[in-house]
Amino acid sequence: MRNRYTNLSIVIAFLTIVPFATSWAATIKGHISDANQQEPIIGAILYIKDNNSLHDVSGLDGSYILRNIPIGTFTLVVSYIGYAEFEAEIEVGDNSDVIVKDISLILASTHLDQVIVVGKGNGETDIHARSIEKRSDNVVNVISSRSIDLLPDITAAGVLQRVAGVTMQKTSNSGEAQYAIIRGMDKRYNYTLVNGIKIPSPDNKNRYVPMDIFPSELLARIEVSKSLTPDMEGDAIGGAMNLVLKDAPDHMLLKASFALGYNQLLIDRSFYSFDRSEVQRKSFSEIKGKDVLATPADFPVSNLKFTPGHPQPNMTASLSIGNRFLPKEKLGIIISGSYQNTYGGANSIFFSPNSQPSEGTKPFEGNKPTFDNIENRTYSTHQVRLGLHMKSDFILNRTNKLSLYAAYFQLDKYLSRHSEGPVINGSGVGNYIARDRSQSDLKRIFNTTLQGNHQFTSGLTVDWTAAYSRAWAFNPDEAELQVNSTQIDKPILQSLPRIWQHNTDQDISGYVNAGYAINLDQNRIEFKAGGMYRHKNRENYYNNYSLSPALINGQPQVFTTIEAAQWEFRPVEGGYGSQVNQNDYNVTENIMAYYAEFKAIHKEKLSLLAGVRFEHTDLSYTTPMPISFEGRAGTQQYLDVLPGVHLKYILKTDQNLRLSFFSSISRPGFFEVTPYLINGDYFDEMGNPYLRRTTVQNLDLRYEWFTKSTDELLVGVFYKLITDPIEYSFVRAGSSKLNLQPQNFGDATNYGFEMVLIKYIKTFGVSANYTYTKSKITTNKQNYYIDGNSNIVSDVVEQTRPLQGQADHIANLSLLYKNPEIGLDLQVSGIYTGRLISQVSPYFGLDYWEYPVTTVDLSFEKKISKKINLSVYGKARNIFNAKAITRIRRENTYYDGTFKLPEQDDPHTIVVRKEEYRPNYLLGIRYSY
């Protein structure tokens, strides 16, 4: 009994003492920031002098916390590279509990006597990205270089898919992101800038730029503007993507990285390559002359001999060097380069559609999808990506600055595709078809820009730009070998097409802007006006040779090897190729634009920007066709008046409310307005010289809350009324043939909701965005069905559907861990893309829908030496092997009927394509000085 009371006394005494004991210790917490930029400093070291056990490292948001500080007076020390050491006396009294102490560090260089330091914010930080979003006049989303470094992506295209409201059209041969779809608006409705200057496209038909040509290592940030101000070019409906490349630094800069990796797909199967040494960039007639007749011996076949094996590891490398020179550091220069040599591919199954579906039994249950053959495809893709850029600025004096920029981007893709599978007929499987296709796709972009910024008075500023840009591409000797057989051991050789195509797109542009600002008590008024002129010239060359297999003793030739195959031209004149054809074209386009805008700021709370932009377009084209050919040449001229109003109200210092209205356009592709004719795999395509530009009225409303310099909450809605959207539909060519043609279709609408959340707490962070989009367009479709009298009816009906490429739901979620004390950054990222139309069918109800897909990526960076700032990093993409599946949303008669197709897993949808890419890994080192 005595022991029981003794134990109870001890417990009571302990519970009594604990509250008093905790009052003898305190907690010190707060945030550490840059005194000049007010940006949080990550990784600053804090400690109590003479007490090594009391220390911490500032986290992702600059926060720190020191616990269990005893009663007394102590010296708090804060140190960080490049900043003056901070010391403060902290007194912990009897009643102290939590002491909040925010600390601002001062750059060490600012303590030098009689030295004037002229600096600028680091344009590559998350804080600077949030600052741009907060201060901008329009709706914009920004991803910084710091975020890009940690992302698993190695191209600008991959980075863009992390932006709210952006989905990427991916290549079927490797699954890599390529073209941006912004807010459900197809790639044709967006444009690309490099350092604020629009660049031409190496695409042989269209204006949009392949975003996978830009290595991510060269980027300082990506800005996606979703509303346009009058001083911006007006031909974007979804948005404008500005790739801001690394700027000349304020001090010596050296950054380098090197990484190796592998695609798991190529561990599990062979990579197929072909000999490129004999592939000529120019066709035979370009080399020898149009009057020289080619023979089959003039066409090497080494590019059709596929060699299996395992490729070298993927390799990426980058280097950036920059500094400031001359007295007072007037001259700044940075030179950056990136090289990527990667191998990838895909395994897929594709159900090749018949050019015409079979009849249904009811008017709106017609068009039963039918297929010609099943193709099991094996893609092997080798990509070589090179990026070089140089930027220099020269500070004449405090009010005048010149800058020169030059960049070169190159992307070479070499594709080997092997496909094989049975022909499908009405009763089941028929003949067997095998195809081997080799393709070289070589793209280039060059840009050089000279700019000047001048301030003549306290209110008057002028800036100007002169730019030369050139994009070009080669697609030399695209060849496809095909054999058909009723017996596996007797494949019959088919005709062999050999296609050469190359194009150039050249821009010469000039810009000038003048602004004047007046301060009136608590108000500020700004006027701005300017103009732009661009002269564009685009040329396209196309030549097609078709070799026929020679008859052996009057019989079709049985294929053995590509070297043993015998070819001929039938007729012999086929050796001239298709030298004169309507797919060759030359386009000249002159755009003159001028604008005026007015901005009023009331008491630093309310900002109104209003203005109007005028864009005059003068386009002319010619083809080599004879004068008698209809549409051989043509012109288009039009003037667009594009008003814009942008209202921003600052609810609090960290909260904005925006309302934007603007008009914009989208010009047709260059190829689309020429009388081209392409023989497609399934449908022939033809141009439309009468195609009109698309116009749109845009409305945006967004609430913004920047809770800290790195945190934000953005919530907004948008609406677009689109006039004359461009879609492809059937037109009758002759009495019985139907061709696909780009056409304008009345009005379409597009509206939706966006949300962005970025939040950091100490060493943990979350970055998330979600976009809901809904669009609607009505177009004409062909419909086949059997009526009540058993007659086959073919008519044109209207169908309402979403815009091509528009997904209802898009979501990104990244979980981040950053521990400066151990030098570890870790990020797990997920992307969800909802159902969307990947290919519009000219037939009613037969659109191809890409079904929802979720990809998960992992990336990390770990410092291995703080003294020399050396780290190891890794990137793993698609770690759960997400597959791309495309379906037709019709009752699946191939699911459990008498004639079944493989890969069918749903009685209510038909699988028409399934692609697998496997995970991709990269491990490297990174150094910075």
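What comes next is a walk through the structure. (Residues numbered from 1 in each chain as written. Predicted model: local features only at pLDDT ≥ 70, side-chain atom pairs only at ≥ 80, totals over all residues. Heavy atoms only, no water.)

Here we come to the overall build of the chain. From N to C terminus, the chain includes six helices and 50 strands. What you see for the chain is a C-alpha radius of gyration of 32 Å, in line with the 30 Å of a compact globule of 929 residues. Dimensions of the chain, computed from C-alpha atoms along their principal axes, come out at roughly 110 × 85 × 60 Å. Taking all 929 residues of the chain together, 53% fall into the buried category. Here the contacts in the chain between residues at least 6 apart in sequence split such that 70% fall between residues at least 24 apart. Only carbon and sulfur atoms are counted for the fraction: they give 56% of the accessible area of the chain, which is about 41,200 Å². The chain carries 94 positive and 97 negative side-chain charges, and their two centres are separated by 3 Å. (Helix = DSSP H or I, 4+ residues; strand = E, 2+ residues; numbered from the N terminus. Rg over C-alpha atoms; globule rule 2.2 N^0.38 Å. Buried < 20%, exposed > 50% of the residue type's maximum accessible area, 1.4 Å probe, protein only. Contact = heavy atoms within 4.5 Å. Areas by Shrake-Rupley, 256 points an atom, 1.4 Å probe, with all protein chains shown as cover. Lys, Arg positive; Asp, Glu negative; His and termini not counted. Charge placed at Lys NZ, Arg CZ, Asp CG, Glu CD.)

Here the focus is the nonpolar core. Generally speaking, soluble globular proteins have nonpolar side chains that are buried together. The biggest cluster of nonpolar side chains holds 32 residues, and the ones touching the most others in it are L160, F214, I222, L243, L245, F409 and I445. Put simply, the parts of the chain that give this core at least two residues each are α4 (156–160), β10 (166–170), β11 (177–182), β14 (219–225), β15 (239–245) and β22 (400–425). Excluding anything up to four places from it in sequence, F409 contacts I213, F214, P215, L218, L245, L386, G387, K443, R444 and I445. (Core = buried A, V, L, I, M, F, W, Y, C linked by side-chain atoms within 4.5 Å.)

Applying the stated criterion across every chain, the model contains five cavities of 30 Å³ or more. Estimated volume of the largest cavity: approximately 350 Å³. Mapped by element, the contributors of at least two residues to the lining of the largest cavity are β11, β12 (190–194), β26 (496–520), β27 (523–549) and β29 (585–602). When grouped by side-chain class, the residues that make up the lining of the largest cavity number 13 nonpolar, six polar and 13 charged. (1 Å grid on protein atoms, 1.4 Å probe; cavity = no way out; pocket = protein on both sides within 12 Å on 5 of 7 lines; lining within 4 Å. Points joined across faces, edges and corners; volume = space filled by probe spheres on them. Nonpolar A, V, L, I, M, F, W, Y, C, P; charged D, E, K, R; others polar.)

Next up on the list: the packing of aromatic side chains. Under the definition given, this model contains 19 aromatic pairs. Ring centres 5.4 Å apart and planes at 90° place the aromatic pair F271 and Y343 in the edge-to-face group. Here F271 is found in strand β17 (residues 271–273), whereas its partner Y343 is found in strand β20 (residues 331–353), with 72 residues between them in sequence. Note on accessibility: F271 and Y343 belong to one class, buried. Here F527 and F598 contribute two aromatic rings whose centre-to-centre distance is 5.6 Å and whose plane-to-plane angle is 55°, an arrangement assigned as tilted. With F527 in strand β27 and F598 in strand β29, this residue pair connects regions lying 71 residues apart in the sequence. With relative accessibility at 30%, the residue F598 sits in the partly exposed group. Cluster of aromatic residues (ring-pair linked, three or more members): F299, W500, Y545 and F569. Across the ring face of W472, the terminal group of R470 is positioned such that the distance to the ring centre comes to 5.5 Å. The positively charged end of R835 is found above the aromatic ring belonging to Y851, 5.7 Å away from the centroid. (Phe/Tyr/Trp six-rings, centres within 6.5 Å; stacked < 30°, edge-to-face > 60°. Lys NZ or Arg CZ within 6 Å of the ring centre and 35° of its normal.)

Turning our attention to the pattern of salt bridges. What the rule picks out here adds up to 57 salt bridges. Put simply, D186 and K187 hold a salt bridge, and the shortest N to O gap is 3.7 Å. Ionic pairing is found between E563 and K305, a salt bridge with its closest N-O pair at 3.2 Å. Placement of E563 in the loop between β27 and β28 (567–568) and of K305 in the loop between α6 (284–288) and β18 (307–309) is noted, with a sequence separation of 258 residues between them. A cluster of three or more residues bridged by salt bridges with shared partners is formed by K198, E233, D235, D505, D507, R534, K536, R538, R613, E615 and R667. (Salt bridge = Lys/Arg side-chain N within 4 Å of Asp/Glu carboxyl O.)

Our focus in this paragraph is unusual backbone geometry. Of note, the bond from R570 into P571 is cis; its omega dihedral lies within 30 degrees of zero at 0°. Here P571 lies in the loop between β28 and β29. Located in the positive-phi region is N68, a residue other than glycine, with phi close to 60°.

Distances and angles like these do not, on their own, reveal function.
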